[in-house]
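# Geometric and topological summary
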Amino acid sequence: MALAHELLGEKVEVATVDHGLRPEASEECALVVRVCEERGIPCNILRVNVGAGNVQDRARAARYTALGAWALERGLAAIATAHHADDQAETVLMRLNRGSGLAGLAGIRSCTLIEGGAVPVVRPLLGFRKRELRDIVEQIGLPHVEDPSNRDESYDRVRIRRALENADWLDPLAIARSAGHLEETEKALESLALRLWDDRASVEDGRVSVPKAALLDTSARLVARAVGVLGGRTSHGEVAAFLKTGVQRGNLAGVLIEAGEETFVCTPEPPRRSG
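Residues numbered from 1 in each chain as written. Predicted model: local features only at pLDDT ≥ 70, side-chain atom pairs only at ≥ 80, totals over all residues. Heavy atoms only, no water.

What follows deals with the pairing of strand β2 (residues 43-47). Direction of pairing for strand β1 (residues 14-18) relative to β2: parallel, over a ladder of 5 bridges. Bridging from a neighbouring strand, valine 14 pairs with cysteine 43 of β2. The handedness of the β1 to β2 crossover, carried by helix α2 (residues 25-38), is right-handed. (Pairing = 2+ DSSP bridges. Helix = DSSP H or I, 4+ residues; strand = E, 2+ residues; numbered from the N terminus. Right-handed = clockwise from strand over helix to strand, strands pointing away.)

This is the structure in structure tokens:
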């Protein structure tokens, strides 16, 4: 925050999110406001409600929704977060452990548009270790707090963090660099799929036809986009797993997918017969 303000001056604003999950959160947000006021940086506290379910996932969704709306209202060009190389290494190892595909193994994106958001999110600190950033904060005399959930081993991320701390032969910076390479590969494959979509996809009322590509990965991207056009919600990974089964006709996310000689034809799933 302080570094960004030094570089960009009045072009920087700050928002801090109170998820309402801990009593200390309001005091921590007030601390951020005080630090910003001392430096003449505009700061807003965004209060959100976290829905039931996976707390960390729900909190993340609520946080980015609130930040996106705030940035759009303030006319800001991007949202910058302080994710670092250790965060990236933890994310990649978690996803390796889950058997994720390329999109998952690309980890935390250096620049992305969160689903439903109108303002891009950038992560300029992915090349720095957490301890480097902490040293900078301490050297310039900025106060900081530690979220106690970062020590709660009921979360997968915290268990991965502990394992990483005890494996000094693993280099988080190297893992982060690998994630960066995979991100570039992911962008290239997405660009290829987008070009095929523009050239050969057919979108009519209630019917989307996309070409069968040489790579299953590309076909999955095209079909996933077709499902989205028809109002379904699915992921590239789910579509890839569906296509790998080799079925010629099946339903996914409320969409009927039919494989032809050269195309996949997607239409809304027909109503089921009753009685």
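Right, let's talk about the sheet that holds strand β7 (residues 207-211) for a bit. Spatially, β6-β7-β10-β9-β8 is the arrangement adopted by the 5 strands of the open sheet, whose pairing is antiparallel. What marks the edges here is a single partner per strand, and that holds for β6 (202-204) and β8 (249-252). On average, adjacent strands in this sheet sit at an angle of 20° to one another, irrespective of strand direction. As defined by bridge partners, strand β9 (residues 255-259) adjoins strand β10 (residues 263-268) across 5 bridges and the pair is classed as antiparallel. The residue bridging valine 255 from the neighbouring strand is proline 268, located in β10. On the sheet, helix α10 (residues 236-244) packs against β8, β9 and β10 and is oriented at approximately 160° with respect to β8. (Axes fitted to C-alpha atoms, helices over the stretch in contact; angles between N-to-C directions. Contact = heavy atoms within 4.5 Å.)

Quick look at the sheet that holds strand β4 (residues 111-112) now. The sheet built from 3 strands is open, its strands ordered β3-β5-β4 with mixed pairing. Each edge of the open sheet is held by one strand with a lone partner, namely β3 (79-80) and β4. Relative to strand β5 (residues 121-122), β4 is paired through 2 bridges, and the arrangement is antiparallel. Looking at β5, one finds that cysteine 111 is bridged to valine 122.

Here the focus is the side chain of threonine 267. Residue placement: threonine 267 occurs in strand β10. The buried category is assigned to threonine 267, whose relative accessible area is 17%. Those residues in contact with threonine 267 that sit more than four places away from it in its chain are Gly206, Arg207, Leu230, Val255 and Leu256. (Buried < 20%, exposed > 50% of the residue type's maximum accessible area, 1.4 Å probe, protein only.)

Attention shifts here to the pairing of β10. Here β7 runs beside β10; their pairing, made up of 4 bridges, is antiparallel. Following the sheet pairing, serine 209 is matched in β10 by valine 265.

Attention now moves to α2. The terminal C-alpha atoms of α2, which comprises 14 residues, lie 20 Å apart, in line with the 20 Å expected from a rise of 1.5 Å per residue. Along α2, the positions that sit buried rather than exposed are Ala25, Glu28, Cys29, Leu31, Val33, Val35 and Cys36. Residues of α2 that are buried make contact with β1 and β2. Two residues or fewer past α2, glycine 40 is found with a positive phi of approximately 70°. (Expected span 1.5 Å × (residues − 1).)

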